[in-house]
Amino acid sequence: PTWPAPWARMVAEIHRVHQQGRPILVGTRSVRSSEHLSRMLAAEGLSCQVLNAVRHKEEAQIVAGAGQPGQITIATNMAGRGTDIKLGRGVADLGGLHVIAAERNESSRIDRQLYGRCGRQGDPGSSQAIVSLEDELVTRYAGPAGRGLRARYAARVDDVASPLTSSLFRLAQRRAQRIAYRQRRAVMRTDYWLDEHLSFAGRE
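Residues numbered from 1 in each chain as written. Predicted model: local features only at pLDDT ≥ 70, side-chain atom pairs only at ≥ 80, totals over all residues. Heavy atoms only, no water.

Engineer: Residue-level account of the overall build of the protein, with values.
Structural biologist: Scanning the protein from N- to C-terminus turns up eight helices and five strands. Mapped from its N terminus to its C terminus, the protein presents α and β elements in the order α-β-α-β-α-β-α-β-α-β-α-α-α. Residue burial in the protein is summarised as follows: out of 204 residues, 39% are buried. Of the contacts formed within the protein by residues at least 6 apart in sequence, a portion of 69% connects residues at least 24 apart. Within the structure as shown, the protein displays about 12,100 Å² of accessible surface, and the carbon and sulfur contribution to it stands at 52%. (Helix = DSSP H or I, 4+ residues; strand = E, 2+ residues; numbered from the N terminus. Buried < 20%, exposed > 50% of the residue type's maximum accessible area, 1.4 Å probe, protein only. Contact = heavy atoms within 4.5 Å. Areas by Shrake-Rupley, 256 points an atom, 1.4 Å probe, with all protein chains shown as cover.)

Structure below.
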């Protein structure tokens with residue numbers, strides 16, 4: 001990551017929630033981001049578990065402990081998917097699991113899956129996104145609108161949260177999803193063409 005402000009903001013938010021004794025799950029898009037954040041937390045004296053689909057043998061154990069009091073877990077999209085996080089004793093009274101989205105995904109469905117890790121089966125919980133207008137999702141898919149908002153807020157040093165920025169991320173996700181859909185259709189058409197032209201039947 002080349003944009004330090006959101007990561008520093010994230011560390012500060014993790015520190016704040018951690019002091020309440022609540023468990024925290026941070027979702028990142030890449031192994032690189034998960035390891036970058038874990039190093040920043042370590043520098044602040046905050047211990048965390050990293051679940052990034054690299055440490056396969058330890059996944060179940062890490063997920064099982066993600067709901068314990070004061071636990072900080074960083075996970076990439078593919079890591080620990082499909083496993084419920086059970087709250088430890090007393091965590092529900094503190095507010096439950098707190099989920100932080102470190103980066104928006106190209107698919108809004110994956111974002112919803114991350115947010116859904118808290119508040120399962122009637123448990124309390126909360127979620128938030130700490131993202132940047134320099135996020136790859138925005139720079140790749142938001143086009144002139146993204147460049148315009150980055151220029152507009154370039155001098156801001158505080159948090160920026162507005163209907164405009166929220167709409168920008170939704171726009172970028174819709175464009176990313178349309179491109180992904182067209183790519184899947186193209187692959188399917190290519191597969192069909194190959195099946196039709198390279199297959200053969202009959203006897204010699």
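Engineer: Hey, could you go over the packing of aromatic side chains for me, with residue numbers and the actual values?
Structural biologist: Under the definition given, this model contains zero aromatic pairs. The aromatic ring of Phe-169 is capped on one face by Arg-104, whose charged end is 5.5 Å from the ring centroid. (Phe/Tyr/Trp six-rings, centres within 6.5 Å; stacked < 30°, edge-to-face > 60°. Lys NZ or Arg CZ within 6 Å of the ring centre and 35° of its normal.)

Engineer: Give me helix H2 (residues 31–43): which residues, what numbers.
Structural biologist: Taking 1.5 Å of rise per residue, the 13 residues of H2 would be expected to cover 18 Å, and the 19 Å separating its terminal C-alpha atoms lies within 8% of that figure. Restricting attention to buried positions, one finds in H2 the residues Ser-33, Ser-34, His-36, Leu-37, Ser-38 and Leu-41. (Expected span 1.5 Å × (residues − 1).)

Engineer: Give me the lowdown on the confidence of the model for the protein, citing residues and values where you can.
Structural biologist: Per-residue confidence for the protein gives a mean pLDDT of 83; residues scoring 70 or more make up 86%. Of all secondary-structure elements in the protein, the lowest mean pLDDT belongs to helix H3 (residues 59–64), at 76, while helix H4 (residues 91–94) reaches the highest, 96. (pLDDT = per-residue confidence, 0-100.)

Engineer: I'd like to hear about the pairing of strand E3 (residues 72–76), residue by residue, with values.
Structural biologist: Counting buried residues in E3 gives five out of five residues, a clear majority hidden from the surface. Taking every second residue as pointing to the same face, both faces of E3 are buried, with Ile-72, Ile-74 and Thr-76 on one and Thr-73 and Ala-75 on the other. Here five bridges tie strand E1 (residues 24–28) to E3, and the two strands are oriented parallel to one another. Bridge pairing in E3 places Thr-28 opposite Thr-76. (Pairing = 2+ DSSP bridges.)

Engineer: With reference to specific residues and values, describe empty space enclosed by the protein.
Structural biologist: Tallying each qualifying case throughout the model produces two cavities of 30 Å³ or more. Quantified by volume, the second largest cavity comes out at close to 40 Å³. Ile-85, Leu-87, Leu-97, Arg-117, Cys-118, Gly-119, Arg-120, Asp-123 and Pro-124 together form the lining of the second largest cavity. For the lining of the second largest cavity, a count of residues per class yields five nonpolar, one polar and three charged. (1 Å grid on protein atoms, 1.4 Å probe; cavity = no way out; pocket = protein on both sides within 12 Å on 5 of 7 lines; lining within 4 Å. Points joined across faces, edges and corners; volume = space filled by probe spheres on them. Nonpolar A, V, L, I, M, F, W, Y, C, P; charged D, E, K, R; others polar.)

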